[in-house]
Amino acid sequence: MKELIKKQNKVFISWLKSYVIVLIIPIIIGTLLYVQSVKIINEEVNKVHQASLVQVKTLVDSSLVEIKRISTALSLDKRVEGLMYKKSAFTPDNIYSLYELQNYMNSLKLANSNIAGIYIYFKDSDYILSNSKRVTSNDYDNMLRSDFGIGTAQWFELIHSTITDNYRIIRVDNGSGQILSKIVYIRSVPGIDFKSPKATIAILIDEKRLGNVLRDAQWTSSTTIEIIDERNEFISSGGMENLPDFMLYNYLKGVNAIFNEQYNSEKVTVTHVQSAVNNWEYVSVIPTKIFMEKVQYIKWAINVYILVCLLVGLVIVFFIVRRNYKPLKNLTEIIGYSYNKHEDTD
């Protein structure tokens, strides 16, 4: 009889284990769903994030190409060629060429809203012609500080930094302690001596308009978008004053297009793409917690699902096992009663 009861208990435990195993299956499925959902959300958010940055790159790159086209047209203009070798006093024809050239430069600026100013430096006659004025060496400093935020020495260093064409990002103080970023396109005008050009074209890009393009692409106010050149000079949509190590140009060249880092004591996701026009890197930095909010919601939903499965499942398992076990228990009781009665008779 004891052996029978022992087997009865074993059957009960065996059934209980079987039903519990069945109960674990939806919990495992829920966990897998959570892991897969997090993976899919991360991938989709990163794709959208990267697509947004690529859109910024496309807009800015197209502006850079157009500015380069304008500089090419200017460098091939016969009036520029005629003026850049002029050393002595201007003739009436020269003055008229200056007037026509300035009007042409102004029309080019008005036709392109991304341009803040167009300047041509004539080396032999030592003056700068802009789309709005002609400046001699005596007034260089005032004009350059007003338009470019730099002094005469920095200006000459800038225009002599290349003998072909190049975009330069320069960081300047606006006079009140605030650092601004200026973008200047420099193009030397080829002449008889290619290594010693007699004229240099400088096109100043409207940094406010460019800043608006970067800010419009931000997902949230805590997102920042930067344009970084090979000298680690940069433009930032969020007022970033210094580049962290993970945003230095050489570091970006050696990492994946999307990676995670720590910045200002929080985890951030960094996305970067390279310009198709020059050596710039377009970089977006977004706090990971922003798009992890959706993941947290899914995590909460899965946890509720698992908890409900456990509570409801355990109740159901208990009643099913009890119902299936009851006939066996009754049979055991009958056999036990018959056995006891038989013993009493003996």
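Here, every reference points to the structure presented above.
Just so it is clear, the model here is predicted, and its values are computed rather than measured.

Observations regarding the overall build of the chain
The helix and strand inventory of the chain stands at eight helices and eleven strands. Each of the 346 residues in the chain was classed as buried or not, and the buried ones make up 39%. Entry remark: accessible area of the chain is about 19600 Å², with carbon and sulfur atoms responsible for 56%.

Description of the pattern of salt bridges
Two side chains of opposite charge can pair, provided their charged atoms sit close to one another. If you walk through the whole model with that rule in mind, you get eleven salt bridges. In this structure, K198 engages D124 in a salt bridge whose closest nitrogen and oxygen atoms are separated by 3.5 Å. Placement of K198 in the loop between β5 (179–189) and β6 (199–205) and of D124 in the loop between β1 (115–122) and β2 (127–130) is noted, with a sequence separation of 74 residues between them. Looking at D124, the relative accessible area reads 23%, which means it is partly exposed. Residues joined by salt bridges that share partners form a network here, namely D77, R79 and E100.

Quick notes on the packing of aromatic side chains
A full pass over the atoms with the stated rule returns eleven aromatic pairs. With a centroid separation of 4.8 Å and 55° between ring planes, the pair formed by Y119 and F148 is classed as tilted. A residue pair is termed long-range when its members are at least 10 positions apart, and Y119 in strand β1 and F148 in the loop between α4 (140–147) and α5 (152–159) qualify at 29 residues. Note on accessibility: Y119 and F148 belong to one class, buried. Three or more aromatic residues joined by ring pairs form one cluster here, namely F246, Y251, F259 and Y263. Sitting over the face of the ring of Y127, R134 holds its NZ or CZ atom 4.4 Å from the ring centroid. Here the guanidinium or amino end of R171 rests over the ring plane of F234, the centre of that ring lying 4.0 Å away.

Observations regarding the sheet that holds strand β10 (residues 266–274)
Backbone-to-backbone hydrogen bonds pair the strands of a sheet. The strands run either parallel or antiparallel. Read from one edge of the open sheet, five strands run β8-β7-β11-β10-β9, paired in antiparallel fashion. The open sheet has two edge strands with one neighbour each: β8 (234–236) and β9 (258–263). Across this sheet, the average inter-strand angle for adjacent strands is 25°, counted without regard to direction. The pairing of strand β7 (residues 224–228) with β8 spans three bridges and is classified as antiparallel. Looking at β8, one finds that E226 is bridged to S236.

Digging into the environment of D61
Examined against the element boundaries, D61 turns out to sit in helix α1 (residues 2–75). Sequence separation between D61 and W280 is 219 residues; the distance between their C-alpha atoms is 9.8 Å. Excluding residues within four positions of it along the chain, D61 makes contact with S275, A276, V277 and Y282.

Quick word on helix α3 (residues 92–111)
Taking 1.5 Å of rise per residue, the 20 residues of α3 would be expected to cover 28 Å, and the 29 Å separating its terminal C-alpha atoms lies within 8% of that figure. The set of residues buried in α3 consists of N94, S97, L98, L101, Q102, M105 and L108. Seen from one end, α3 has its buried residues packed into an arc of 135°, which puts them on one side. Residues of α3 that are exposed and point more than 90 degrees away from the buried face comprise P92, D93, Y99, L110 and A111.

Focus on unusual backbone geometry
Despite not being glycine, D126 shows a phi value in the positive range, around 55°. With respect to the element layout, D126 can be found in the loop between β1 and β2.

Quick notes on the side chain of S236
The topology assignment puts S236 in strand β8. For S236, a relative accessible area of 16% gives the class buried. Separated by 2.9 Å, the side chains of S236 and E226 make a polar contact. Once residues within four sequence positions are removed from consideration, S236 is found in contact with I225 and E226.

Here's the deal with α5
Taken together, the buried positions of α5 are W155, L158 and I159. Around the axis of α5, the buried residues are gathered within 85° of arc, so they sit on the same side. Turned more than 90 degrees away from the buried face of α5 sit A153 and E157, all of them exposed. Considering only its buried residues, α5 is in contact with β1, β2, α4, β4 (165–173), β5 and β6.

About the thresholds
- Residues numbered from 1 in each chain as written.
- Predicted model: local features only at pLDDT ≥ 70, side-chain atom pairs only at ≥ 80, totals over all residues.
- Heavy atoms only, no water.
- Helix = DSSP H or I, 4+ residues; strand = E, 2+ residues; numbered from the N terminus.
- Buried < 20%, exposed > 50% of the residue type's maximum accessible area, 1.4 Å probe, protein only.
- Areas by Shrake-Rupley, 256 points an atom, 1.4 Å probe, with all protein chains shown as cover.
- Salt bridge = Lys/Arg side-chain N within 4 Å of Asp/Glu carboxyl O.
- Phe/Tyr/Trp six-rings, centres within 6.5 Å; stacked < 30°, edge-to-face > 60°.
- Lys NZ or Arg CZ within 6 Å of the ring centre and 35° of its normal.
- Pairing = 2+ DSSP bridges.
- Axes fitted to C-alpha atoms, helices over the stretch in contact; angles between N-to-C directions.
- Contact = heavy atoms within 4.5 Å.
- Expected span 1.5 Å × (residues − 1).
- Arc of directions from axis to C-beta.
- Polar contact = N/O pair within 3.5 Å; in protein donor to acceptor, adjacent residues only side chain to side chain.

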